[in-house]
Amino acid sequence: MLSGLEKQPFDPNLLVGFDKADDAGVYRLRDDLALVQTLDFFTPIVDDPFDYGRIAALNSINDVWAMGGAPITAMAITCFPKKGLDFAILGEIMSGGLSVLTENKVALIGGHSVDNEQIMFGYSVTGVIDPNKVATNAGARPGDVLILTKPIGTGVISTGIKFAKAPANVVKESIATMLSPGKHAAEAIANFDVKGATDVTGFALLGHTWEMACASNVTIKIDSARVPLITGALELAAAGLLTSGDQTNREYVGEDVSLASTVDQNLLKLFYDPQTAGGLLLSISEDKADALLTELRENYPRAEIVGGVIERGAKAIAVK
């Protein structure tokens, strides 16, 4: 969306801008302190307004954690109709969001609302980080492997909820997945000095992996059999309960993805499935991968090594 803007004047303190499509921006204040800033909001994806608020909060905060930062403040952004809906619903949404902010010691300092027929909710979040310890999607290196911290499938499940096609156990697991905070992954980023990271959200697994490949100038291999899935997501994808993002994400990645003929087409739908509050994709040297995976699984039991050894050049993805 911002790619068509004129290039802004060089600022040596702008460590991460919008040119690499990263999760958040990073601006250096001094040699040992930088701000991490992000913004995200979206339409309801679950029926319960309190859960919707909680998920929206974590989805926004996760962008700071994906850089290895610590979130400190948030401002609420909401679209809600003045007529036709009980304002108690908005109260529940905001209460859910506040509960997550409070739990993660993020201070709510204000916000803005707009009269709109379509409900939307989220946050602008500011965090802090040591500018020497920023993880970005440009940090993947040849010889690294990729670890995904959470299973995928929240998009098709949200569509299943919309059309009353998603079983209760599937919905429960999807909500639990979205409500699993990325702060533990941020701690792992610091402990293992991870330089390559991104979170898997609206552009799906393949879209965000492609952004990492482009920003890092590497070729990334995805082992489709190792990608963790939320229970029931594959069946909903096979039933055609896709979001509009399925097609737009395919167009976004274009021809830079090569697919083995053995890759199941319904599984591939999940690789293009937009995620909400998704997992982090971490690039780590092969010799450290098992130790990092062991630490991650203390909080993310479905974490898995999903990418084979990264190769230099080509800016592409291979899925086998």
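Residues numbered from 1 in each chain as written. Predicted model: local features only at pLDDT ≥ 70, side-chain atom pairs only at ≥ 80, totals over all residues. Heavy atoms only, no water.

1. Some details on the overall build of the chain
A tally of regular secondary structure across the chain gives 10 helices and 14 strands. Relative to the 2.2 N^0.38 estimate, which gives 20 Å for 320 residues, the radius of gyration of the chain is 19 Å and therefore close to what a compact globule would have. If one aligns the C-alpha atoms of the chain with their principal axes, the spans along those axes are about 55 × 50 × 40 Å. Split into buried and exposed, the 320 residues of the chain put 52% on the buried side. For the chain, long-range pairs separated by at least 24 residues make up 84% of all intrachain contacts whose partners lie at least 6 apart in sequence. Within the structure as shown, the chain displays about 14600 Å² of accessible surface, and the carbon and sulfur contribution to it stands at 54%. Computing the positive centroid from 26 side-chain charges and the negative centroid from 39, the chain places the two 2 Å apart. (Helix = DSSP H or I, 4+ residues; strand = E, 2+ residues; numbered from the N terminus. Rg over C-alpha atoms; globule rule 2.2 N^0.38 Å. Buried < 20%, exposed > 50% of the residue type's maximum accessible area, 1.4 Å probe, protein only. Contact = heavy atoms within 4.5 Å. Areas by Shrake-Rupley, 256 points an atom, 1.4 Å probe, with all protein chains shown as cover. Lys, Arg positive; Asp, Glu negative; His and termini not counted. Charge placed at Lys NZ, Arg CZ, Asp CG, Glu CD.)

2. Quick word on the sheet that holds strand β4 (residues 70–80)
Ordered in space as β1-β2-β3-β6-β4-β5, the 6 strands form an open sheet in which the pairing is mixed. Two strands lie at the open edges of the sheet, namely β1 (14–16) and β5 (107–115), each paired on one side alone. Neighbour to neighbour, the strand axes of the sheet diverge by 20 degrees on average, direction disregarded. Alignment of β4 against β5, held across 8 bridges, turns out to be parallel. For Met75, the partnering residue across the bridge sits in β5 and is Gly110. (Pairing = 2+ DSSP bridges. Axes fitted to C-alpha atoms, helices over the stretch in contact; angles between N-to-C directions.)

3. Focus: the environment of Arg226
Note that Arg226 resides in the loop between β9 (218–222) and α7 (233–238). Looking at Arg226, the relative accessible area reads 37%, which means it is partly exposed. On a C-alpha basis, the gap between Arg226 and Ala303 in space is 9.9 Å, while along the polypeptide they are 77 residues apart. Setting aside anything within four residues of it in sequence, one finds Arg226 in contact with Glu304, Ile305 and Val306. One polar contact links the side chain of Arg226 to the main-chain carbonyl oxygen of Ile305, over a distance of 3.2 Å. (Polar contact = N/O pair within 3.5 Å; in protein donor to acceptor, adjacent residues only side chain to side chain.)

4. A closer look at helix α2 (residues 87–103)
Between its terminal C-alpha atoms α2 stretches 24 Å, which fits the 24 Å expected from 17 residues at 1.5 Å a residue. Among all positions of α2, only Leu90, Ile93, Gly96, Gly97, Val100 and Leu101 are buried. Angularly, the buried residues of α2 cover 140 degrees about the axis, an arc narrow enough to put them on a single face. In α2, the exposed positions angled more than 90 degrees off the buried face are occupied by Thr102 and Glu103. Each element contacted by the buried residues of α2 is listed here: α1 (49–66), β4, β5 and β6 (120–129). Two or three places before Ala88, at the start of α2, stands the capping residue Asp86, its side-chain oxygen 2.8 Å from that residue's backbone nitrogen. With its phi angle positive at about 60 degrees, Lys105 sits one or two positions after the end of α2. (Expected span 1.5 Å × (residues − 1). Arc of directions from axis to C-beta.)

5. Digging into helix α5 (residues 183–191)
Restricting attention to buried positions, one finds in α5 the residues Ala185, Ala186, Ala188 and Ile189. Looking straight down α5, one finds that the buried residues subtend no more than 160 degrees of arc, so they occupy a single side. Turned more than 90 degrees away from the buried face of α5, the exposed residues are Ala190 and Asn191. Of the surrounding elements, those touching the buried residues of α5 are α1, β8 (196–199), β11 (280–285) and α10 (286–296). Downstream of α5 by a residue or two, Asp193 has a phi angle that is positive, lying close to 50 degrees.

6. Here we look at the packing of helix α3 (residues 154–162) against helix α4 (residues 168–178)
At a minimum axis separation of 10 Å, α3 and α4 run at an interaxial angle of 135 degrees. Comparing the axis directions of α3 and α4 gives the class oblique. For the crossing formed where α3 meets α4, the hand is left-handed. Taken together, the residues of α4 that come into contact with α3 (itself represented by Thr154, Ile157 and Ile161) are Val170, Val171, Ser174 and Met178. When grouped by side-chain class, the residues that make up the contact of α3 with α4 number 5 nonpolar, 2 polar and no charged. (Parallel < 35°, antiparallel > 145°, perpendicular 65-115°, else oblique. Left-handed = near helix turned anticlockwise from the far one by under 90°. Nonpolar A, V, L, I, M, F, W, Y, C, P; charged D, E, K, R; others polar.)

7. A few points about the pairing of strand β7 (residues 144–148)
Here β7 lies mainly inside the structure; 5 of its 5 residues are buried. Both faces of β7 are covered, namely the face carrying Asp144, Leu146 and Leu148 and the face carrying Val145 and Ile147. Examined bridge by bridge, β7 and β11 share 5 bridges and lie antiparallel to one another. Opposite Leu146, over in β11, you have Ser283 as the bridge partner. Alignment of β7 against strand β12 (residues 304–307), held across 3 bridges, turns out to be antiparallel.

8. Quick notes on the pattern of salt bridges
For the structure on display, the rule yields 9 salt bridges. Close ionic contact of Asp32 with Arg30 constitutes a salt bridge, the shortest N to O distance being 2.5 Å. By relative accessible area, which is 45% here, Asp32 ends up partly exposed. Its salt-bridge partner being Lys195, residue Asp193 comes within 3.2 Å of it at the nearest N-O pair. Owing to a relative accessible area of 47%, Asp193 belongs among the partly exposed residues under this scheme. Under the relative-accessibility criterion, Lys195 is labelled partly exposed at 33%. Here the salt bridges do not stand alone but share partners, grouping Arg226, Arg297 and Glu304 into one network. (Salt bridge = Lys/Arg side-chain N within 4 Å of Asp/Glu carboxyl O.)

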